Amino acid sequence: MIEVKHLIKSFDDKVVLKDISTIFEPGITNLIIGRSGSGKTVLMKNLIGLMQPDSGEIRYNGRNIIAMKKNELKLLRREMGMLFQGSALFDSMTVLENVMFPLTMFTKDSYKERCKRAMFCLERVNLKGAENLYPAEISGGMMKRSGIARAIALNPKYLFCDEPNSGLDPKTALLIDDLVSDITKEYKMTTVINTHDMNSVMNIGEKIIFINQGRKAWEGTKDEIMNVNNKALNDFVFASDLFRKVKETENLAEQEG
Amino acid sequence: MKALQNFGEYTLLIFRAIAIPERWSEFFKQTGKEIYKLGVDSVWIVIFISVFIGAVITMQISLNVNTPLVPQFTFGYVTREIILLEFSSTIMCLILAGKVGSNIASEIGTMRVTEQIDALDIMGINSANYLIMPKMVAFMVFIPVLSILSMFFGIIGGYLVGFISSDIITIANYELGLRYWFYPYTIVYSIIKSVVFAFIISSIAAYFGYNVKGGALQVGKASTNSVVMSSVMILTFDLILTQLLLT
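Residue indices begin from 1 for each chain and proceed along its sequence in written order. Key to labels: chains lettered from A, ligands numbered from 1, both in the order written. Residue-level local features of this predicted model are given only where pLDDT is at least 70; pairs of side-chain atoms are given and counted only at 80 or more, and the full residue set underlies all totals for whole chains, interfaces and linings. As a rule here, side-chain values cover all heavy atoms of the structure and leave hydrogens and water aside.

## Quick look at the overall build of chain B
Moving on, step 1. Secondary structure follows DSSP: runs of H or I at least 4 residues long count as helices, runs of E at least 2 residues long count as strands, and numbering of each begins at the N terminus. The number of helices and strands found in chain B is nine helices and zero strands.
Moving on, step 2. Counting from the amino terminus, helix and strand elements in chain B follow one another as α-α-α-α-α-α-α-α-α.
Moving on, step 3. For the C-alpha atoms alone, the extent of chain B along its principal axes is close to 70 × 40 × 35 Å.
Moving on, step 4. Under the scheme applied here, a residue whose accessible area is under 20% of the maximum for its type counts as buried, over 50% as exposed, and between as partly exposed, the area being computed with a 1.4 Å probe on protein chains only. In chain B, which comprises 247 residues, the share counted as buried stands at 50%.
Moving on, step 5. Restricting the contact set of chain B to residue pairs at least 6 apart, pairs at least 24 apart contribute 87%.
Moving on, step 6. With residues, only the protein chains shown are counted as cover, and all accessible areas are computed by Shrake-Rupley using a 1.4 Å probe. Accessible surface, chain B: about 11,600 Å² in total, of which carbon and sulfur atoms supply 74%. By the convention used here, residues are in contact when the closest approach between their heavy atoms is within 4.5 Å.

## A word on the interface of chain B and chain A
Moving on, step 1. Listed by partner, the interface residues are 16 residues for chain B and 23 residues for chain A.
Moving on, step 2. What gets called buried area is simply the loss in accessible area from a 1.4 Å probe that two parts show on being joined, summed for both. Roughly 1,800 Å² of surface becomes buried between chain B and chain A when both sides are summed, with 63% attributable to carbon and sulfur atoms.
Moving on, step 3. Counted as salt bridges are all cases of a side-chain nitrogen of Lys or Arg within 4 Å of a carboxyl oxygen of Asp or Glu. Inspection of the chain B/chain A interface yields two salt bridges.
Moving on, step 4. Notably, a salt bridge pairs Arg78 of chain A with Glu22 of chain B, separated by 3.0 Å at the nearest N-O pair.

## Some points on the sheet that holds strand β3 (residues 29-33) of chain A
Within a sheet, adjacent strands bond to each other through the backbone by hydrogen bonds, running parallel or antiparallel.
Residues and elements named next belong to chain A.
Moving on, step 1. Any two strands between which DSSP finds at least two bridges are classified as paired. Strand order in the open sheet formed by six strands is β6-β7-β8-β3-β9-β10, with mixed pairing between adjacent strands. Edge strands, defined here as strands with exactly one partner in the open sheet, are β6 (80-83) and β10 (215-220). Here the average twist between neighbouring strands, direction ignored, is 20°. Think of each axis as a best-fit line through the C-alpha atoms, taken over the contacting stretch in the case of a helix, with angles from 0 to 180 degrees between the N-to-C directions.

## Overview of the packing of helix α4 (residues 73-113) of chain B against helix α7 (residues 171-179) of chain B
All names here are of chain B.
Moving on, step 1. For the pair α4 and α7, interaxial distance at closest approach is 6 Å and the crossing angle is 45°. Considered as vectors, α4 and α7 are oriented oblique to each other. The way α4 lies across α7 gives a crossing that is right-handed. From α4, Phe73, Gly76, Tyr77, Thr79 and Arg80 reach across to α7, where they touch Asn173, Tyr174, Leu176, Gly177, Leu178 and Arg179.
Moving on, step 2. Under the scheme applied here, ten amino acids are nonpolar (Ala, Val, Leu, Ile, Met, Phe, Trp, Tyr, Cys and Pro), four are charged (Asp, Glu, Lys and Arg), and all others, including Gly, are polar. Broken down by class, the residue content of the contact of α4 with α7 amounts to five nonpolar, four polar and two charged. In what follows, roughly perpendicular refers to angles from 65 to 115 degrees, roughly parallel to angles under 35, roughly antiparallel to angles over 145, and oblique to any angle outside these ranges. Left-handed describes a crossing in which the near helix is turned anticlockwise from the far one by less than a right angle; the clockwise case is right-handed.

## Let's talk about the pairing of strand β2 (residues 14-24) of chain A
All names here are of chain A.
Moving on, step 1. Here seven bridges tie strand β1 (residues 2-11) to β2, and the two strands are oriented antiparallel to one another. By the bridge assignment, Ile2 is partnered in β2 with Phe24.
Moving on, step 2. Connecting the antiparallel pair β1 and β2 is a turn made up of two residues, with Asp12 showing a positive phi of about 55°.

## A few points about the environment of Glu163 of chain A
Residue and element names in this part refer to chain A.
Moving on, step 1. Within the element layout of this structure, Glu163 appears in the loop between β7 (158-162) and α6 (170-187).
Moving on, step 2. Note: C-alpha distance between Glu163 and Leu83 (80 residues apart in sequence) is 8.5 Å.
Moving on, step 3. Glu163 has contacts with Lys40, Gln85, Lys144, Asn194, Thr195 and His196, leaving out every residue within four places of it along the chain.

## Digging into empty space enclosed by the protein
Moving on, step 1. Cavities and pockets were defined on a 1 Å grid built over protein atoms only: a cavity is a set of grid points that admits a 1.4 Å probe from which the probe cannot escape, a pocket is an open set flanked by protein on both sides within 12 Å along at least five of seven lines, and lining residues are those with an atom within 4 Å of any such point. Grid points are joined across faces, edges and corners, and a volume is the space filled by probe spheres set on the points. This model, assessed by the stated rule, comprises three cavities of 30 Å³ or more.
Moving on, step 2. Volume-wise, the largest cavity comes out at about 130 Å³.
Moving on, step 3. Elements with a minimum of two residues in the lining of the largest cavity: β6 and α5 (140-152) of chain A together with α5 (116-122) of chain B.
Moving on, step 4. In terms of residue count, β6 of chain A provides more of the lining of the largest cavity than any other element does, three residues in total.
Moving on, step 5. Of the residues that constitute the lining of the largest cavity, the class distribution is 10 nonpolar, one polar and three charged.
Moving on, step 6. By volume, the second largest cavity is sized at about 90 Å³.
Moving on, step 7. Lining the second largest cavity, in full, are Met105 of chain A together with Pro21, Glu22, Arg23, Glu26, Phe27, Gln30, Ile125, Asn126, Asn129, Tyr130 and Pro134 of chain B.
Moving on, step 8. Here the lining of the second largest cavity is composed, by residue class, of six nonpolar, three polar and three charged.

## Some details on the sheet that holds β2 of chain A
Residue and element names in this part refer to chain A.
Moving on, step 1. Sheet architecture is open: four strands sit in the order β2-β1-β4-β5, paired in antiparallel fashion. Of all the strands in the sheet, just β2 and β5 (63-64) have a single pairing partner and so form its edges.
Moving on, step 2. The strands touched by helix α1 (residues 40-47) within the sheet are β1, β2 and β4 (55-60), with β1 carrying the most contacts at an inclination of about 120°.

## Some words on the confidence of the model for chain B
Moving on, step 1. Per residue, pLDDT captures the predictor's confidence, and it can take any value from 0 to 100. Summing up the model confidence of chain B, the mean pLDDT is 93 and the portion of residues at 70 or higher is 100%.
Moving on, step 2. Least confident of the elements in chain B is α5 of chain B, whose mean pLDDT is 91; most confident is helix α8 (residues 185-210) of chain B, at 96.

## A word on unusual backbone geometry
Among all residues save glycine, negative phi is the norm, and among peptide bonds the norm is trans.
Residues and elements named next belong to chain A.
Moving on, step 1. One non-glycine residue, Asp19, lies in the positive phi region at around 55°.
Moving on, step 2. Of note in the backbone geometry, Asn155 takes a positive phi value of approximately 55° without being a glycine.
Moving on, step 3. Relative to the helices and strands, Asn155 resides in the loop between α5 and β7.
Moving on, step 4. Residue classification places Asn155 among the partly exposed positions, given a relative accessible area of 47%.

What follows is the structure, encoded as structure tokens:
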């Protein structure tokens, strides 16, 4: 569980995060949504310790990341896995070497054991057969899956995904969403996903936090998001024709029924 | 003020980079790869440039100091002194600042903009240490080899002039000049300088690459800036080291 309390972050005079408080629970997919520039990436970077907030607390199962010493933070980071927007695979390594990398750095396992674990992770994300390819030789969807395999190689307690399906076609995007959701449940991880894709929200949004102009403007689930009386959220949700039409159809059905 | 801030950031980064590696085996593996990439891959350009510059130095001295008052063997002597004292260390490192420095800055810069460095940090790895130290160690270890190769092939270049035309200089006079008043410390001096320059090139390039913000354009800019700054620092330290080591 990750607990965020009264988080404030500013750059020079501009306050980007304004008193954010929430809880990210284990075993479910926690989504942070919002328009571009709303502050969701800054929130994510604060959560993983890449940025230091001005004030507030971020507690990982009770441990405050902000007050941690370098070594404690280093140990905590080994409990984290992260899927980056561009996958962030190491160009000079094959897919297998990428997945093996955290195992090479942090375990004393033999090469054979590391290879076995990496192959298991690759099989888990349906990437068997691509282990000897380099990142430049695989598709965007395969890169994301390799990124997930690398993120789960050390059995992390916390999984962070930054725009996991950006740049992917809708079908592949859904596959990635489902994969992240399945893995979250399977390993009981605390998963935090940063997205602005409404398809993802409706597919795996078990807990959703809507950030608007640096503030938490709404918190709920995918079942509630379509029927909320919040202008900023409605503008965001119904920005696409598809969701607007779904809503209109629903309203029509309600009136008729 | 900005320069002072940059120097502070550079110092902090280098202190972060110079730390005990997370895994020694991984460090040695990386260092081996870097020796090949930064050092062995530069051998051909060092040989090519040294041969031609050695030949040109001999020809230029001969053409410009063509007087009966100066004996011919002095052309060989001056060629040796120029190659040993300045060319094989300073000029060669200025050239390598372009090849190796831009390579380091663009590689680390690309890793920064594609979030690969963030990925290392998230894993709890000291990214500065993992990425920068093997490059610095590899280049500093291999630069004496490049420097000695440059000396050897620069001298060979002068020989070639003698082979091509004995009007410019005879082989016997060139050899006499090479041996005349030889002071072996000049080789040590040249190697010391080249090791310092290797540190300057690799650390400055790493700093510019590591601190890239933006995209491909900024990676290119960082690469150019690293070459310019390395060149300025090489020339500055050339003056300081010459004062310290030769006077």
